Structure formats: C-alpha cells, structure tokens
Amino acid sequence: MVQLIHDSTGRDITTFLHLDRGSELVDHHCFFFFEGPRSHVHHSSFETHDFDTQVLGHDWLRSKGYENCWGVGRHIMGSQIFDYWFDTSRFIIEHYVDGDLVNDQHQTNRSLATPDNLHVWGPDLPPTFLQ
C-alpha cells in the first residue's frame, strides 16, 4: 500500500513508502517523500518499543541538545503517536509507536494535502515541517 497525498488540482505531491514484505504486516511508512519547495526525502521513521520508551527518548534527546521538529502528537494517516527530531545534519527523523500496519493486500490511498489532516492532537504544525 502506498499513501499518496495530492494538491487541490489532483497532482500527487507526497508519498509514504514502506518496506514491502508481501503478506507480512509492516508500518505504513518508513520514508516520506515531499515535493514542497524542493523534491526530497522529508523524513524517515523508526518505531519505538512503547509510549514510555518514546517519551524517555524524547526527554533524552532534549537533554542532549537535539532540536525537536514536531511532537509529541497523534497522526491521522497511519494513526501513530509521533515525535520528530532534527539530526545533526538537519535531516528529520520520526520516532513513532502504535501505528497502523499494512501489507500487500492494502490498496493505494489518495488524500488531499491539508494541515488539518495531519494530526488529531499535539502541537501546531511548525513552518519548518513543510520545507
């Protein structure tokens, strides 16, 4: 299953890609590609063991001086609890837990790109997230 996000004209501008393991269930994405002002890999995602581990990681990264990009919150697409950080090269890394799982039986889904369909709860979307 691929998740495609389109603009108001119907042109695809982003995609969530996962590791295809056939019938085995996997997270709905491990890479998010974004056209934005420039086409690029927007972020990669990594699953944490549980919510406690995710928040412990959040606190540890903050204590080490890493910059939080966005989170903690709950996505609509993928349904996972997210936490985004910049690495030392300013690449965005997502840590997540409790996300939807997909396999080769799931169909491609297309959605309209809008800030309102990104999260159920959590902090407001930062401007840096759309670059």
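Position labels on residues start from 1 in each chain and follow its written sequence. Reporting in this predicted model follows two pLDDT cut-offs: at least 70 for local features of residues, and 80 or more for side-chain atom pairs to be given and counted; totals over whole chains, interfaces and linings ignore these cut-offs and use all residues. Values shown for side chains rest on all heavy atoms present in the structure; no hydrogens or waters enter the calculation.

J.: How do you make sense of the overall build of the protein chain when you look at a structure like this?
T.: Every helix listed is a DSSP run of H or I at least four residues long, and every strand listed is a run of E at least two residues long, numbered separately from the N terminus. Within the protein chain, the secondary structure is distributed over one helix and eleven strands. Starting at the N terminus and ending at the C terminus, the protein chain contains elements arranged as β-β-β-β-β-α-β-β-β-β-β-β. Computed over the C-alpha atoms, the radius of gyration of the protein chain is 15 Å, within 12% of the 14 Å expected from 2.2 N^0.38 for a compact globule of 131 residues. Referenced to the eigenvectors of the C-alpha coordinate spread, the extents of the protein chain come out at roughly 40 × 35 × 25 Å. Residue pairs at least 24 apart in sequence account for 51% of intrachain contacts in the protein chain once pairs closer than 6 positions are excluded. Areas reported here follow the Shrake-Rupley algorithm with a probe of radius 1.4 Å; residue values treat only the protein chains shown as occluding. Total accessible area on the protein chain is roughly 7500 Å²; 55% of this is exposed by carbon and sulfur atoms. Radius of gyration means the value over C-alpha atoms here, while the globule rule gives 2.2 Å times the residue count to the 0.38 power. Any two residues having at least one pair of non-hydrogen atoms within 4.5 Å are treated as being in contact.

J.: Explain unusual backbone geometry to me, please; I cannot follow it from the model alone.
T.: Note on backbone geometry: most residues besides glycine have negative phi, and most peptide bonds are trans. Cis peptide bonds are those with omega within 30 degrees of zero, and the linkage from G71 to V72 qualifies with 10°. Structurally, the position occupied by V72 is in strand β6 (residues 68–75). If you check the backbone angles, S79 has positive phi at about 65° while not being a glycine. As for its position among the elements, S79 is in the loop between β6 and β7 (81–86). For R90, which is not glycine, the phi torsion reads 75° and is therefore positive. Mapped onto the elements, R90 comes out in the loop between β7 and β8 (92–97). The buried label goes to any residue with under 20% of its type's maximum accessible area, the exposed label to any with over 50%, and the partly exposed label to all in between, with areas taken from a 1.4 Å probe on protein chains only. When its relative accessible area of 46% is taken as the criterion, R90 is described as partly exposed.

J.: Can you help me understand the state of the cysteines in this one?
T.: Covalently bonding the sulfur atom of one cysteine to the sulfur atom of another cysteine gives a disulfide. The disulfide criterion is simple: two cysteine sulfur atoms within 2.5 Å. By the definition in use, this model includes zero disulfides. Here C30 stays free of any disulfide, with the sulfur of C69 as its closest cysteine sulfur at 18 Å. The exposure class of C30 is buried, given its relative accessible area of 15%. Residue C69 is classed as buried on the basis of its relative accessible area, which comes to 7%.

J.: Explain a nonpolar patch on the surface to me, please; I cannot follow it from the model alone.
T.: Together, L17, F31 and F33 give the surface a local cluster of nonpolar side chains, amounting to about 230 Å² of exposed area. Relative to the assigned elements, L17 resides in strand β2 (residues 12–17). Owing to a relative accessible area of 31%, L17 belongs among the partly exposed residues under this scheme. Any residue with relative accessible area above 30% and no salt bridge may belong to a patch, with like charges joined within 9 Å and the nonpolar Val, Leu, Ile, Met, Phe, Trp and Tyr side chains within 5 Å. Any carboxyl oxygen of Asp or Glu that lies within 4 Å of a side-chain nitrogen of Lys or Arg is treated as forming a salt bridge with it.

J.: Whenever I open this one, helix α1 (residues 51–63) confuses me. Can you help?
T.: Every α-helix carries 3.6 residues per turn, so stepping three or four residues along brings you back to the same face. End to end, α1 covers 18 Å across 13 residues, agreeing with the expected 18 Å (1.5 Å per residue, within 8%). Buried residues of α1: Q54, H58 and L61, and no others. Projected down its long axis, α1 shows its buried positions confined to an angular sector of 70°, all on one face. When the buried face of α1 is taken as reference, the exposed residues oriented beyond 90 degrees from it are D52, L56 and S63. Packing partners of the buried residues in α1 comprise β6, β7 and β8. The N-capping residue of α1, defined by a side-chain oxygen 3.3 Å from the backbone nitrogen of D52, is D50. Just downstream of α1, G65 is the residue with a positive phi angle, here 90°. How far a helix is expected to stretch is found by multiplying one less than its residue total by 1.5 Å. Working definition: the arc comes from the directions between the helix axis and the C-beta atoms, pointing outward to the latter. Two N or O atoms form a polar contact when they lie within 3.5 Å of each other; inside protein one atom must be a possible hydrogen donor and the other a possible acceptor, and for residues adjacent in sequence the pair counts only when both atoms belong to side chains.

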